[in-house]
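Given next are the chains, with one letter for each unit.
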Amino acid sequence: MSAGAKKRIMKEYGECMKDTPSGMKINFDEQNMTEWEILLDGPEQSIYSGGHFKLKMTFPTEYPFKPPVVSFKTKIYHPNVSNDDKGSMCLGMLRPDEWKPPNKVVSVLRLIQTLLIEPNADDAIEPSIANEYKENRKEFDKTAKDWVKRYAK
């Protein structure tokens, strides 16, 4: 990783510390600055309220020219998070064709919170969950809340 990339990651970390979205904590290790652990409380106004989620943000060696990768380490029932052991997150701004070097990590963190409050079923990584979200919201909410109790306490 280039010195410029390391400097940028340190700068981003500093900005995140000054303006961390509420309900979030970032664990950062200077020895391994390309991997951040993010602890996220389910937003109060969401069906994930009361849950505690662990996420991993990994910065590629080409950062900031390539986007960081975000994954949920805690299982979550959500149309924009893969329902497997990877927990990959589908976020528009993190797609290589949409990412721009001036984008900020703090914006990514805010977008993750927004997606927990209001999933984007039209940009889903899990089509069946997205369909349930759109067609049978009551059942989706029930399953999501069950998963919070089961995996995110």
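Keep in mind the model is a prediction, meaning the values are calculated, not measured. (Residues numbered from 1 in each chain as written. Predicted model: local features only at pLDDT ≥ 70, side-chain atom pairs only at ≥ 80, totals over all residues. Heavy atoms only, no water.)

Visitor: How do you make sense of the overall build of the protein when you look at a structure like this?
Guide: Within the protein, the secondary structure is distributed over 4 helices and 4 strands. The C-alpha radius of gyration of the protein comes to 16 Å, within 12% of the 15 Å expected for a compact globule of 153 residues. In terms of overall dimensions, the protein has C-alpha extents of about 50 × 30 × 25 Å along its principal axes. A burial count over the protein gives 47% of its 153 residues as buried. Within the protein, contacts between residues at least 6 apart in sequence are counted, and of these 53% link residues at least 24 apart. Accessible surface for the protein amounts to roughly 8,100 Å². Of this, 49% is attributable to carbon and sulfur atoms. Taking the average location of the 24 positive side-chain charges in the protein and that of its 23 negative ones, the two points are 3 Å from each other. (Helix = DSSP H or I, 4+ residues; strand = E, 2+ residues; numbered from the N terminus. Rg over C-alpha atoms; globule rule 2.2 N^0.38 Å. Buried < 20%, exposed > 50% of the residue type's maximum accessible area, 1.4 Å probe, protein only. Contact = heavy atoms within 4.5 Å. Areas by Shrake-Rupley, 256 points an atom, 1.4 Å probe, with all protein chains shown as cover. Lys, Arg positive; Asp, Glu negative; His and termini not counted. Charge placed at Lys NZ, Arg CZ, Asp CG, Glu CD.)

Visitor: Help me understand the pattern of salt bridges in this model?
Guide: Opposite charge on two side chains permits them to pair, given that their charged atoms come into close proximity. Enumeration according to the criterion identifies 11 salt bridges in this entry. Between Glu 98 and Arg 95 there is a salt bridge; the shortest N-O distance is 3.4 Å. We classify Arg 95 as partly exposed; its relative accessible area is 27%. Sharing partners across several salt bridges, the network here consists of Lys 11, Glu 15 and Lys 104. (Salt bridge = Lys/Arg side-chain N within 4 Å of Asp/Glu carboxyl O.)

Visitor: Looking at this structure, I do not really get the sheet that holds strand 3 (residues 52-58). What am I missing?
Guide: Whether parallel or antiparallel, the strands of a sheet pair through hydrogen bonds between backbone atoms. Here 4 strands make up an open sheet; going across it, the order is 1-2-3-4 and the pairing antiparallel. Taken across any chain shown, the strands that pair with only one partner, and hence form the sheet edges, are strand 1 (24-27) and strand 4 (69-72). The sheet shows a mean angle of 25° between the axes of neighbouring strands, taken without regard to direction. As paired elements, strand 2 (residues 35-41) and strand 3 share 7 bridges and run antiparallel to each other. Within strand 3, the position partnered with Glu 37 by the bridge is Lys 56. In this fold helix 1 (residues 3-18) packs onto strand 1 and strand 2, with an angle of close to 20° to the strand it touches most, strand 2. (Pairing = 2+ DSSP bridges. Axes fitted to C-alpha atoms, helices over the stretch in contact; angles between N-to-C directions.)

Visitor: I'm lost on the packing of helix 3 (residues 127-135) against helix 4 (residues 137-151) in this one. Help?
Guide: To describe two helices that pack against each other, one gives the angle between their axes and the distance between the axes. Two elements in contact, helix 3 and helix 4, have axes whose closest approach is 5 Å; the angle formed by their N-to-C orientations is 125°. The pairing of helix 3 with helix 4 is recorded here as oblique in orientation. For the pair helix 3 and helix 4, the contacting residues are Ile 129, Glu 132, Tyr 133 and Glu 135 in the first and Arg 137, Glu 139, Phe 140 and Thr 143 in the second. Here the contact of helix 3 with helix 4 is built from residues that sort into 3 nonpolar, 1 polar and 4 charged. (Parallel < 35°, antiparallel > 145°, perpendicular 65-115°, else oblique. Nonpolar A, V, L, I, M, F, W, Y, C, P; charged D, E, K, R; others polar.)

Visitor: Which parts of the structure should I look at to understand helix 2 (residues 105-117)?
Guide: Given 3.6 residues to a turn, an α-helix orients residues that are three or four positions apart in the same direction. The terminal C-alpha atoms of helix 2 lie 19 Å apart, and with 13 residues this matches the ideal 18 Å at 1.5 Å per residue to within 8%. Where helix 2 is concerned, the buried positions are Val 105, Val 106, Val 108, Leu 109, Ile 112, Gln 113, Leu 115 and Leu 116. Buried residues belonging to helix 2 abut helix 1, strand 1, strand 2, strand 3 and strand 4. (Expected span 1.5 Å × (residues − 1).)

Visitor: Mind showing me how you'd approach the environment of Arg 150 here?
Guide: By the element assignment, Arg 150 lies in helix 4. The exposure class assigned to Arg 150 is exposed, which follows from its relative accessible area of 55%. Counting along the chain gives 99 residues from Arg 150 to Gly 51, while the straight-line C-alpha distance between them is 9.5 Å.

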